[in-house]
Amino acid sequence: MAFVTYTHDWDAAQAGFGPHAPTLVEEALAPRPADTGPAPRTVTRTYVVDPPFFGNGDIGRVAVCGAVNELAATGAEPRHIALALVLEAGLPMDLVRRLTASVRGAAAEAGITIAAVDTQVVRAGEVDRVFVTATAFGVPDGPPLGAGLVRPGDRILVTGPLGSHAAHLVSLRDGLGYEHHVPSDCAPLAGLLRSARPGVHHARTVTAGGLAEVLRRTAAGRGLTLRVEEAALPVRYEARVALAARGLAPLDAACAGCLCLFVPPERTREVLAALRAHPYGRQAAVVGEVTADPMGEVEYLTPEGAVRSHTVAPGSLPPRLL
(Lines give C-alpha, C1' and ligand atoms only; values in the text may rest on other atoms or scores of the structure.)
Protein backbone atom coordinates (compact mmCIF):
# COMPACT_ATOMS: atom_id res chain seq x y z
CA MET A 1 0.00 0.00 0.00
CA ALA A 2 1.44 3.37 -1.00
CA PHE A 3 0.29 6.93 -0.90
CA VAL A 4 0.69 10.13 -2.89
CA THR A 5 0.73 13.42 -1.01
CA TYR A 6 -0.34 16.48 -3.00
CA THR A 7 1.28 19.76 -1.92
CA HIS A 8 1.06 23.34 -3.13
CA ASP A 9 3.58 26.16 -3.46
CA TRP A 10 2.01 29.09 -1.57
CA ASP A 11 5.11 31.32 -1.65
CA ALA A 12 4.44 33.09 -4.95
CA ALA A 13 4.81 36.86 -4.50
CA GLN A 14 2.41 37.82 -7.28
CA ALA A 15 -1.19 37.06 -8.11
CA GLY A 16 -1.49 34.53 -10.91
CA PHE A 17 -3.99 32.17 -12.44
CA GLY A 18 -5.38 29.45 -10.21
CA PRO A 19 -7.15 29.38 -6.84
CA HIS A 20 -4.42 30.98 -4.72
CA ALA A 21 -5.01 34.74 -5.07
CA PRO A 22 -8.83 34.39 -5.02
CA THR A 23 -8.55 32.26 -1.87
CA LEU A 24 -6.44 34.93 -0.13
CA VAL A 25 -8.91 37.71 -1.03
CA GLU A 26 -12.00 35.71 -0.04
CA GLU A 27 -10.56 34.63 3.29
CA ALA A 28 -9.38 38.16 4.11
CA LEU A 29 -12.70 39.81 3.26
CA ALA A 30 -15.15 37.08 4.28
CA PRO A 31 -18.05 38.56 6.27
CA ARG A 32 -18.15 37.59 9.92
CA PRO A 33 -21.56 36.17 10.81
CA ALA A 34 -23.46 38.04 13.51
CA ASP A 35 -25.18 36.07 16.26
CA THR A 36 -28.68 37.15 15.26
CA GLY A 37 -30.25 33.77 14.54
CA PRO A 38 -31.14 32.33 11.14
CA ALA A 39 -30.68 34.78 8.31
CA PRO A 40 -30.79 34.65 4.52
CA ARG A 41 -27.72 33.07 2.98
CA THR A 42 -25.91 34.55 -0.02
CA VAL A 43 -23.07 33.49 -2.28
CA THR A 44 -21.44 35.74 -4.91
CA ARG A 45 -19.16 34.47 -7.67
CA THR A 46 -17.70 35.99 -10.83
CA TYR A 47 -17.39 33.90 -14.00
CA VAL A 48 -14.94 34.54 -16.85
CA VAL A 49 -15.29 31.32 -18.85
CA ASP A 50 -13.13 30.96 -21.98
CA PRO A 51 -14.76 30.36 -24.39
CA PRO A 52 -17.99 31.86 -23.00
CA PHE A 53 -20.08 29.84 -25.48
CA PHE A 54 -19.26 26.15 -25.81
CA GLY A 55 -20.74 22.87 -26.99
CA ASN A 56 -23.49 22.13 -24.48
CA GLY A 57 -23.56 25.34 -22.48
CA ASP A 58 -22.30 28.87 -21.99
CA ILE A 59 -21.17 31.30 -19.32
CA GLY A 60 -24.78 32.08 -18.36
CA ARG A 61 -25.54 28.49 -17.42
CA VAL A 62 -22.17 28.17 -15.67
CA ALA A 63 -22.88 31.30 -13.60
CA VAL A 64 -26.38 30.28 -12.51
CA CYS A 65 -25.42 26.69 -11.74
CA GLY A 66 -22.17 27.70 -10.07
CA ALA A 67 -23.73 30.19 -7.67
CA VAL A 68 -26.64 27.86 -6.87
CA ASN A 69 -24.30 24.94 -6.19
CA GLU A 70 -22.01 27.01 -3.97
CA LEU A 71 -25.00 28.18 -1.94
CA ALA A 72 -26.50 24.69 -1.64
CA ALA A 73 -23.15 23.37 -0.38
CA THR A 74 -23.45 25.70 2.64
CA GLY A 75 -26.67 23.95 3.68
CA ALA A 76 -29.06 26.54 2.24
CA GLU A 77 -32.00 26.17 -0.10
CA PRO A 78 -31.46 28.50 -3.11
CA ARG A 79 -34.45 30.73 -3.88
CA HIS A 80 -33.31 33.69 -6.02
CA ILE A 81 -30.40 34.90 -8.10
CA ALA A 82 -29.12 38.35 -9.13
CA LEU A 83 -26.87 38.78 -12.14
CA ALA A 84 -24.48 41.47 -13.38
CA LEU A 85 -23.26 41.07 -16.96
CA VAL A 86 -20.49 42.90 -18.77
CA LEU A 87 -20.77 42.60 -22.56
CA GLU A 88 -18.12 43.46 -25.13
CA ALA A 89 -19.27 45.90 -27.79
CA GLY A 90 -19.82 44.05 -31.04
CA LEU A 91 -21.07 40.83 -29.48
CA PRO A 92 -23.59 39.40 -31.97
CA MET A 93 -27.17 39.71 -30.83
CA ASP A 94 -27.84 36.04 -31.52
CA LEU A 95 -25.28 35.22 -28.82
CA VAL A 96 -26.93 37.71 -26.46
CA ARG A 97 -30.25 35.95 -27.05
CA ARG A 98 -28.60 32.56 -26.53
CA LEU A 99 -27.14 33.82 -23.25
CA THR A 100 -30.45 35.13 -21.91
CA ALA A 101 -32.28 31.94 -22.89
CA SER A 102 -29.60 29.87 -21.19
CA VAL A 103 -29.85 31.89 -17.97
CA ARG A 104 -33.63 31.55 -17.92
CA GLY A 105 -33.42 27.81 -18.58
CA ALA A 106 -30.80 27.20 -15.88
CA ALA A 107 -32.76 29.22 -13.33
CA ALA A 108 -35.94 27.30 -14.14
CA GLU A 109 -34.14 23.98 -13.84
CA ALA A 110 -32.67 25.05 -10.49
CA GLY A 111 -36.13 26.12 -9.25
CA ILE A 112 -35.11 29.72 -8.53
CA THR A 113 -36.29 33.13 -9.66
CA ILE A 114 -34.17 35.84 -11.27
CA ALA A 115 -34.45 38.69 -8.75
CA ALA A 116 -32.33 41.38 -10.43
CA VAL A 117 -30.17 41.93 -13.52
CA ASP A 118 -27.70 44.67 -14.43
CA THR A 119 -25.88 44.88 -17.76
CA GLN A 120 -23.05 47.09 -18.98
CA VAL A 121 -21.44 47.25 -22.42
CA VAL A 122 -17.75 48.15 -22.68
CA ARG A 123 -15.51 48.91 -25.65
CA ALA A 124 -14.20 46.06 -27.76
CA GLY A 125 -11.11 44.53 -26.16
CA GLU A 126 -11.96 45.64 -22.62
CA VAL A 127 -13.67 42.31 -21.86
CA ASP A 128 -13.58 38.94 -23.62
CA ARG A 129 -17.17 38.89 -24.99
CA VAL A 130 -19.02 38.26 -21.69
CA PHE A 131 -18.23 38.26 -17.96
CA VAL A 132 -20.93 37.45 -15.40
CA THR A 133 -21.23 38.00 -11.66
CA ALA A 134 -23.95 35.96 -9.95
CA THR A 135 -25.32 36.25 -6.42
CA ALA A 136 -27.53 33.44 -5.17
CA PHE A 137 -29.90 33.98 -2.25
CA GLY A 138 -31.44 31.28 -0.07
CA VAL A 139 -32.54 30.22 3.38
CA PRO A 140 -31.08 27.68 5.83
CA ASP A 141 -32.41 24.22 5.09
CA GLY A 142 -32.00 21.25 7.43
CA PRO A 143 -28.99 20.37 9.57
CA PRO A 144 -25.90 22.58 9.10
CA LEU A 145 -23.04 21.55 6.84
CA GLY A 146 -19.40 22.44 7.36
CA ALA A 147 -15.81 21.22 7.55
CA GLY A 148 -16.00 21.41 11.34
CA LEU A 149 -18.46 18.50 11.30
CA VAL A 150 -16.08 16.16 9.47
CA ARG A 151 -15.06 13.22 11.68
CA PRO A 152 -12.54 10.37 11.47
CA GLY A 153 -14.19 7.49 9.67
CA ASP A 154 -16.32 9.70 7.42
CA ARG A 155 -16.39 8.49 3.84
CA ILE A 156 -15.52 10.81 0.96
CA LEU A 157 -17.92 10.74 -1.98
CA VAL A 158 -17.99 12.51 -5.33
CA THR A 159 -21.31 12.93 -7.09
CA GLY A 160 -20.06 12.43 -10.64
CA PRO A 161 -17.09 12.05 -12.99
CA LEU A 162 -14.11 14.37 -12.54
CA GLY A 163 -12.69 16.77 -15.10
CA SER A 164 -15.39 16.69 -17.79
CA HIS A 165 -15.93 20.46 -17.81
CA ALA A 166 -12.20 21.24 -17.96
CA ALA A 167 -11.64 18.59 -20.63
CA HIS A 168 -14.43 20.01 -22.80
CA LEU A 169 -13.19 23.61 -22.62
CA VAL A 170 -9.49 22.78 -22.96
CA SER A 171 -10.20 20.58 -25.97
CA LEU A 172 -12.39 23.23 -27.58
CA ARG A 173 -9.99 26.12 -27.20
CA ASP A 174 -6.90 24.07 -28.09
CA GLY A 175 -8.50 22.34 -31.07
CA LEU A 176 -7.97 18.83 -29.69
CA GLY A 177 -11.27 17.48 -31.04
CA TYR A 178 -12.43 15.71 -27.88
CA GLU A 179 -15.15 18.24 -27.05
CA HIS A 180 -17.62 16.28 -29.19
CA HIS A 181 -17.11 13.21 -27.00
CA VAL A 182 -16.94 14.74 -23.53
CA PRO A 183 -19.57 17.42 -22.75
CA SER A 184 -19.33 19.84 -19.88
CA ASP A 185 -20.94 18.53 -16.69
CA CYS A 186 -22.45 21.94 -15.83
CA ALA A 187 -25.68 21.39 -13.86
CA PRO A 188 -27.61 22.77 -10.86
CA LEU A 189 -27.10 20.39 -7.95
CA ALA A 190 -29.27 21.72 -5.11
CA GLY A 191 -31.87 19.01 -5.75
CA LEU A 192 -29.21 16.32 -5.84
CA LEU A 193 -27.77 17.43 -2.51
CA ARG A 194 -31.25 17.72 -1.00
CA SER A 195 -31.89 14.06 -1.86
CA ALA A 196 -28.78 13.00 0.10
CA ARG A 197 -29.37 14.97 3.27
CA PRO A 198 -29.45 14.74 6.27
CA GLY A 199 -26.78 12.06 5.87
CA VAL A 200 -24.02 14.55 4.96
CA HIS A 201 -21.54 16.31 7.27
CA HIS A 202 -19.83 18.57 4.73
CA ALA A 203 -20.22 19.45 1.05
CA ARG A 204 -17.95 21.31 -1.36
CA THR A 205 -18.24 22.10 -5.03
CA VAL A 206 -15.41 20.71 -7.15
CA THR A 207 -14.43 23.82 -9.11
CA ALA A 208 -11.11 25.65 -9.59
CA GLY A 209 -8.20 23.42 -8.65
CA GLY A 210 -10.35 20.30 -8.91
CA LEU A 211 -10.94 17.65 -6.29
CA ALA A 212 -7.33 17.89 -5.13
CA GLU A 213 -7.91 21.49 -4.02
CA VAL A 214 -11.15 20.61 -2.22
CA LEU A 215 -9.47 17.81 -0.31
CA ARG A 216 -6.37 19.87 0.50
CA ARG A 217 -8.42 22.71 1.97
CA THR A 218 -10.67 20.36 3.93
CA ALA A 219 -7.76 18.40 5.37
CA ALA A 220 -5.86 21.54 6.35
CA GLY A 221 -8.92 23.27 7.78
CA ARG A 222 -10.05 20.28 9.80
CA GLY A 223 -6.60 19.08 10.84
CA LEU A 224 -7.26 15.48 9.77
CA THR A 225 -5.62 13.38 7.08
CA LEU A 226 -7.75 12.25 4.15
CA ARG A 227 -6.99 8.99 2.34
CA VAL A 228 -8.18 8.61 -1.25
CA GLU A 229 -8.06 5.60 -3.57
CA GLU A 230 -7.08 6.82 -7.02
CA ALA A 231 -8.56 3.71 -8.67
CA ALA A 232 -11.99 4.64 -7.26
CA LEU A 233 -12.07 8.11 -8.84
CA PRO A 234 -14.70 8.26 -11.61
CA VAL A 235 -13.23 9.77 -14.78
CA ARG A 236 -14.57 9.40 -18.30
CA TYR A 237 -12.05 7.90 -20.70
CA GLU A 238 -12.43 10.77 -23.16
CA ALA A 239 -11.90 13.34 -20.42
CA ARG A 240 -8.77 11.56 -19.21
CA VAL A 241 -7.34 11.51 -22.75
CA ALA A 242 -8.16 15.18 -23.39
CA LEU A 243 -6.63 16.28 -20.10
CA ALA A 244 -3.54 14.13 -20.62
CA ALA A 245 -2.97 15.87 -23.95
CA ARG A 246 -2.42 19.04 -21.93
CA GLY A 247 -0.50 17.35 -19.14
CA LEU A 248 -3.37 17.76 -16.67
CA ALA A 249 -4.49 15.29 -14.02
CA PRO A 250 -8.24 14.71 -13.50
CA LEU A 251 -7.70 15.40 -9.80
CA ASP A 252 -6.69 18.98 -10.65
CA ALA A 253 -9.35 19.61 -13.29
CA ALA A 254 -12.28 21.93 -12.70
CA CYS A 255 -15.83 20.61 -12.76
CA ALA A 256 -19.09 22.55 -13.13
CA GLY A 257 -21.49 19.90 -11.87
CA CYS A 258 -19.78 17.82 -9.19
CA LEU A 259 -19.84 17.86 -5.39
CA CYS A 260 -17.50 16.32 -2.86
CA LEU A 261 -19.37 15.03 0.20
CA PHE A 262 -18.23 13.85 3.61
CA VAL A 263 -20.62 11.26 4.98
CA PRO A 264 -20.65 9.21 8.23
CA PRO A 265 -19.95 5.54 7.52
CA GLU A 266 -23.32 4.31 8.74
CA ARG A 267 -25.10 6.60 6.23
CA THR A 268 -22.84 6.01 3.23
CA ARG A 269 -24.89 3.29 1.53
CA GLU A 270 -28.10 5.30 1.92
CA VAL A 271 -26.55 8.51 0.61
CA LEU A 272 -24.90 6.74 -2.33
CA ALA A 273 -28.20 5.14 -3.30
CA ALA A 274 -29.98 8.51 -3.13
CA LEU A 275 -27.32 10.15 -5.30
CA ARG A 276 -27.40 7.40 -7.92
CA ALA A 277 -31.19 7.66 -8.15
CA HIS A 278 -30.85 11.29 -9.31
CA PRO A 279 -30.07 12.13 -12.96
CA TYR A 280 -26.98 14.14 -11.98
CA GLY A 281 -25.64 11.56 -9.52
CA ARG A 282 -25.77 8.28 -11.42
CA GLN A 283 -21.98 7.92 -11.39
CA ALA A 284 -21.50 8.91 -7.75
CA ALA A 285 -18.73 6.99 -6.02
CA VAL A 286 -17.05 6.49 -2.66
CA VAL A 287 -13.42 7.49 -3.19
CA GLY A 288 -11.84 7.61 0.27
CA GLU A 289 -12.16 8.21 3.97
CA VAL A 290 -11.12 10.54 6.76
CA THR A 291 -8.49 9.21 9.14
CA ALA A 292 -7.64 10.19 12.70
CA ASP A 293 -4.12 11.24 11.68
CA PRO A 294 -3.82 14.91 12.76
CA MET A 295 -1.27 15.86 10.09
CA GLY A 296 -3.96 17.50 7.94
CA GLU A 297 -2.67 16.04 4.68
CA VAL A 298 -4.19 14.19 1.72
CA GLU A 299 -2.85 10.73 0.89
CA TYR A 300 -3.58 9.11 -2.46
CA LEU A 301 -3.41 5.34 -2.60
CA THR A 302 -2.09 4.42 -6.04
CA PRO A 303 -2.98 1.25 -7.95
CA GLU A 304 0.71 0.68 -8.75
CA GLY A 305 1.83 0.64 -5.12
CA ALA A 306 4.42 3.40 -5.63
CA VAL A 307 5.03 6.31 -3.27
CA ARG A 308 5.41 9.69 -4.90
CA SER A 309 4.76 13.33 -4.15
CA HIS A 310 2.98 15.78 -6.44
CA THR A 311 3.32 19.55 -6.37
CA VAL A 312 0.74 21.78 -8.03
CA ALA A 313 2.57 25.04 -8.72
CA PRO A 314 0.72 28.35 -9.07
CA GLY A 315 0.00 29.04 -12.72
CA SER A 316 0.27 25.42 -13.80
CA LEU A 317 -3.49 24.94 -14.24
CA PRO A 318 -5.36 26.39 -17.24
CA PRO A 319 -7.15 29.64 -16.35
CA ARG A 320 -10.73 30.75 -17.03
CA LEU A 321 -12.51 27.42 -16.88
CA LEU A 322 -15.22 28.98 -14.66
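Residues numbered from 1 in each chain as written. Predicted model: local features only at pLDDT ≥ 70, side-chain atom pairs only at ≥ 80, totals over all residues. Heavy atoms only, no water.

### Thoughts on the confidence of the model for the protein chain
In step 1: Overall, the predicted model of the protein chain reaches an average pLDDT of 89, with 86% of residues at or above 70.
In step 2: A low-confidence stretch, residues 1–7 (pLDDT under 50), is modelled with 38 contacts involving residues beyond four sequence positions or located in other chains. (pLDDT = per-residue confidence, 0-100. Contact = heavy atoms within 4.5 Å.)

### Describing helix H3 (residues 93–110)
In step 1: Spanning 18 residues, H3 covers 26 Å between terminal C-alpha atoms, matching the ideal 26 Å at 1.5 Å per step.
In step 2: Listed as buried for H3 are Val96, Leu99, Ser102, Val103, Ala106, Ala107 and Ala110. The buried residues of H3 occupy one face: seen down the axis, they fall within an arc of 125°. Exposed and facing more than 90 degrees away from the buried side of H3 are Asp94, Arg97, Arg104 and Ala108.
In step 3: Just beyond H3, the residue with positive phi is Gly111, at close to 75°. (Helix = DSSP H or I, 4+ residues; strand = E, 2+ residues; numbered from the N terminus. Expected span 1.5 Å × (residues − 1). Buried < 20%, exposed > 50% of the residue type's maximum accessible area, 1.4 Å probe, protein only. Arc of directions from axis to C-beta.)

### Concerning the pattern of salt bridges
In step 1: Throughout the structure, instances matching the rule amount to 14 salt bridges.
In step 2: Where salt bridges share partners, they join Asp128, Arg129 and Arg320 into one cluster. (Salt bridge = Lys/Arg side-chain N within 4 Å of Asp/Glu carboxyl O.)

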